[in-house]
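Survey of secondary and tertiary structure
Residues per chain are reported as follows:
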Amino acid sequence: SATLDTRTFLRYFSVKDNGKIVEPPTIHIKGFMFPVAEVYLSTIAMKCGYHKALEAKSPGADKGKAENIDCQLIARLIDDIFFAEHGPWDFVPDKQVREENQHKWSTAKGGLESKGAILVFLPGVGEIEDLIAALRMQKS
């Protein structure tokens, strides 16, 4: 894991052998860190002109699901992001972050056509299934 605290991991998995502490072997693999930027739904919605929709709640939300998750809106925003010139990077509000990472777009899988990826955090399985269904109805 890129965020693993190696010392804690090694202490946890170490064993005693004849009174001596033996740590498990560690392997260090140099890798590529993909650029990541956090962009919140409200920022994307404002840029796409959906700011009033953020206040609306999902109609007919099932019991046990978060009532304020509008999967149709999220699916529309994902489409807007997908069809933006630089994909998700067009929605990163920090211009410096965009400029620092722009050269990395062409090195990603897909070359110059690669625009990055979108990661959506949802509270539960029901919302994930609803978003999948909404995305299947979108143009992207």
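Provided above is the structure to which this section pertains.
Residues numbered from 1 in each chain as written. Predicted model: local features only at pLDDT ≥ 70, side-chain atom pairs only at ≥ 80, totals over all residues. Heavy atoms only, no water.

A few words now on the packing of helix H2 (residues 41-48) against helix H3 (residues 71-82). The contact between H2 and H3 brings their axes to 10 Å, and the two run at 70 degrees. It follows from the interaxial angle that H2 and H3 lie roughly perpendicular. In this structure, the crossing between H2 and H3 has a hand that is left-handed. Contacts from Leu41, Ile44, Ala45 and Cys48 of H2 reach H3 at Ile74, Leu77, Asp80 and Ile81. (Axes fitted to C-alpha atoms, helices over the stretch in contact; angles between N-to-C directions. Helix = DSSP H or I, 4+ residues; strand = E, 2+ residues; numbered from the N terminus. Parallel < 35°, antiparallel > 145°, perpendicular 65-115°, else oblique. Left-handed = near helix turned anticlockwise from the far one by under 90°. Contact = heavy atoms within 4.5 Å.)

This paragraph deals with the environment of Val120. With respect to the element layout, Val120 can be found in the loop between helix H4 (95-105) and helix H5 (125-136). Linking Val120 and Tyr40, residues 80 residues apart in sequence, is a C-alpha distance of 9.7 Å. Apart from residues lying up to four places away in sequence, Val120 is in contact with Ile74, Ile78 and Leu131.

Here the focus is the packing of aromatic side chains. For the structure on display, the rule yields three aromatic pairs. An angle of 85 degrees between the planes, with centres 4.9 Å apart, marks the rings of Phe82 and Phe83 as edge-to-face. Through a chain of ring-to-ring contacts, three or more aromatic side chains come together here, namely Phe9, Tyr12 and Phe13. When the ring centre of Phe91 is taken as origin, the NZ or CZ atom of Lys47, which lies over that ring, is 5.6 Å away. (Phe/Tyr/Trp six-rings, centres within 6.5 Å; stacked < 30°, edge-to-face > 60°. Lys NZ or Arg CZ within 6 Å of the ring centre and 35° of its normal.)

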